[in-house]
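Each chain, letter by letter, is given below.
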Amino acid sequence: MDRHISERMRTGLAEGNLAPTENAELADHLFRCPACWKASISALSELDSRTGPDAVDRERHLKIQADPALSALLQKYRLEQRRLEERLLAHAAIGELRNLTRKGRREEIAKRKAFRTRAVVEELLAEARKAMPIEAEEWSSVAILLCRQLSPSEFTESARHDLMAECYAELASARRRAGRWTSARQAIQEGREQAAKGSSNPAIEGSLRALEGVIDGDIGSLDDAENSLLVAKGLFEEVGETSMVGKVLAQLAYIWIDANPEKSLRYLREARAVISPDEIRLVTLCEINRTDCLITLGLTKEALLAFSDIARLCEQFTDPFVQLRLRFLEGRLLEAIERYKEADIIFREVIAADLDQRSIKAYFLDLAYLFGSYVRRGDGAGAVEVCNEALAQIEILELGNSAEEPIRDLWDGLKERAERGAIKGNLVERSRKYIRSQWSFLGGDPLASNESAVKSAPQPFQRS
């Protein structure tokens, strides 16, 4: 049956009075067609009521039960309804946990059997993905704790270890977003140990390898990052995880966005070929990165055209992170066409938002970009003013001695060179890469850092 299900067929399904051959054809279509499945939910609900213990028509009840096609449809319907109910209860559980202290969350999980479901674990991981790094680590840790308490009567050991591996992957991601790369790698190793006891699902290993790749990108090992991400891509392809293949290709594009924009563009073309149009956020971020590459390559007219398409995409949602990236890109475009006054207004707006959100690393990265912009224009006074602003904020932000001293040294050094007109070579980019990849985690003179040790970026899709 290639045509969509008719109203007559849905009525027959609800009443359970179709012929066995019709039921078989209908089931085959419903299993393949999400639109018809959705349109048939009321009919399936009615059919379900005819097979319950209170069914009035016992003859029809027995006939439905004996039909393999109807039995398969009802089994799928009931499983789906159960999952939806579990998801709803999981949302409520997260709402309760969100209002508790760290200790309180652990106490509730220990005593509340209703929390011990896969749906709650998955909701905890979803909460981690959208939280700031410190909160994300907490939610991931709670998910791991909950996994350890899942009932062995409802979960096989293999399934529990798989789920635990996913939790450790999310914990690693949270630590990595905080720039804690060593502890992130430890979580990846723990995830791998759990996965070894599980079902050997290539998708889980793919997630862990992808995380290793972006960490390598963070610390500047771009070739290692590329190799790990390509392995992850192959693992996702092996199990048909097309969505994850697209995300990995987008990550591959991102790690090269500064060092090799031509290669970045090649990966972006591959990514766009497999990313579903429904993944609006990922599509938008890929287009932002493509436009970024075009600007870097001096292809300003192409970048302007691409930017107009991105602006239309962004009208479909209000993600503040994407909106801020879009605004920064707008400033870069204005700078590229030498509308410096307008560009500076936007750069200052983004920098103020960084400070308001206490996105400290983004704040100093964007200030460093603005410093470089003034250097490129030959505006030494503007460059010195940026340094003075950075140094003034260091006094206010209370970063702690270990983080404060190296960032102060960097801005003092940039200011001294700007005053002498001695900004040469790739010093600005090296400074930005130091802030991005090493600051607050490694010591040493930031202006003398080895170039190869500080390449690449902190996380996929973050402003460059």
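Residues numbered from 1 in each chain as written. Predicted model: local features only at pLDDT ≥ 70, side-chain atom pairs only at ≥ 80, totals over all residues. Heavy atoms only, no water.

*Asks:* Any chance you could break down the overall build of the protein for me, citing the residues and the numbers?
*Replies:* Scanning the protein from N- to C-terminus turns up 23 helices and 0 strands. Oriented by its inertia axes, the alpha-carbon framework of the protein measures out at about 95 × 50 × 35 Å. For the protein, contacts bridging at least 24 residues in sequence account for 63% of all contacts bridging at least 6. With an accessible surface of roughly 22400 Å², the protein has 51% of that area assigned to carbon and sulfur atoms. (Helix = DSSP H or I, 4+ residues; strand = E, 2+ residues; numbered from the N terminus. Contact = heavy atoms within 4.5 Å. Areas by Shrake-Rupley, 256 points an atom, 1.4 Å probe, with all protein chains shown as cover.)

*Asks:* Run through the nonpolar core, naming residues and quoting values.
*Replies:* With 81 residues, the main nonpolar core has Val-121 and Leu-124 as its most contacted residues. The leading source of residues in this core is helix α10 (residues 157-177), at 9 residues. Not counting chain neighbours up to four residues away, the residues in contact with Val-121 comprise Ala-143, Leu-146, Cys-147, Leu-163 and Cys-167. Counting residues in each nonpolar core, the second largest holds 40 residues, with Ile-346, Phe-347, Leu-370 and Ile-407 among its members. (Core = buried A, V, L, I, M, F, W, Y, C linked by side-chain atoms within 4.5 Å. Buried < 20%, exposed > 50% of the residue type's maximum accessible area, 1.4 Å probe, protein only.)

*Asks:* Please set out the packing of aromatic side chains residue by residue, giving values where relevant.
*Replies:* Per the counting criterion, the structure on display carries 6 aromatic pairs. Aromatic side chains Phe-328 and Tyr-369 sit 5.3 Å apart centroid to centroid with 65 degrees between the ring planes, which places their arrangement in the edge-to-face category. One end of the pair, Phe-328, is in helix α18 (residues 320-336); the other, Tyr-369, is in helix α20 (residues 360-377), and 41 residues separate them in sequence. The exposure class of Phe-328 is buried, given its relative accessible area of 3%. The exposure class of Tyr-369 is buried, given its relative accessible area of 8%. With a centroid separation of 5.1 Å and an interplanar angle of 65 degrees, the aromatic rings of Tyr-363 and Phe-364 are classed as edge-to-face. (Phe/Tyr/Trp six-rings, centres within 6.5 Å; stacked < 30°, edge-to-face > 60°.)

*Asks:* Account for the confidence of the model for the protein, with residues named and values stated.
*Replies:* Averaged over all residues, the pLDDT of the protein is 83; the fraction at 70 or higher stands at 91%. Confidence over residues 448-464 falls short of pLDDT 50; this stretch has 69 contacts with residues more than four positions distant or in other chains. (pLDDT = per-residue confidence, 0-100.)

*Asks:* For the pattern of salt bridges, give the residues involved together with the corresponding values.
*Replies:* Tallying each qualifying case throughout the model produces 33 salt bridges. Arg-272 is paired through a salt bridge with Glu-287; the nearest N and O atoms lie 2.7 Å apart. Separated by 15 residues along the polypeptide, Arg-272 in helix α15 (residues 261-274) and Glu-287 in helix α16 (residues 280-296) bring together distant segments of the chain. You can call Glu-287 buried: its relative accessible area is 9%. Salt bridges linked by common partners bring Arg-192, Glu-205, Arg-209 and Glu-212 together as one network. (Salt bridge = Lys/Arg side-chain N within 4 Å of Asp/Glu carboxyl O.)

*Asks:* Tell me what's going on with the side chain of Glu-127, and back it up with residues and numbers.
*Replies:* With respect to the secondary-structure elements, Glu-127 resides in helix α8 (residues 118-130). Setting aside its immediate chain neighbours within four residues, Glu-127 contacts Ile-94, Arg-98 and Trp-139.

*Asks:* Describe helix α7 (residues 102-111), listing the residues and the values that go with them.
*Replies:* Of all the residues in α7, the buried ones are Gly-104, Arg-105, Arg-106, Glu-108 and Ile-109. Tucked inside the fold, the buried residues of α7 contact α6 (68-98) and α9 (133-148).

*Asks:* So what's going on with the environment of Glu-416? Which residues, and what values?
*Replies:* In this structure, Glu-416 sits in helix α22 (residues 401-420). Through-space distance from the C-alpha of Glu-416 to that of Cys-387 is 9.3 Å; in sequence the pair is 29 residues apart.

*Asks:* Break down the packing of α9 against α10 for me, citing the residues and quoting the values.
*Replies:* Any two packed helices are characterised by the angle at which their axes cross and by the distance between the axes. Contact geometry of α9 with α10 gives a least axis separation of 8 Å together with a crossing angle of 165 degrees. Between α9 and α10, the angle is such that the two are roughly antiparallel. Seen from above, α9 lies across α10 with left-handed handedness. Taken together, the residues of α10 that come into contact with α9 (itself represented by Pro-133, Ala-136, Glu-137, Ser-140, Ser-141, Ala-143, Ile-144, Cys-147 and Arg-148) are Arg-160, Leu-163, Met-164, Cys-167, Tyr-168, Glu-170, Leu-171, Ala-174, Arg-175 and Arg-177. The residue inventory of the contact of α9 with α10, partitioned by class, reads 11 nonpolar, 2 polar and 6 charged. (Axes fitted to C-alpha atoms, helices over the stretch in contact; angles between N-to-C directions. Parallel < 35°, antiparallel > 145°, perpendicular 65-115°, else oblique. Left-handed = near helix turned anticlockwise from the far one by under 90°. Nonpolar A, V, L, I, M, F, W, Y, C, P; charged D, E, K, R; others polar.)

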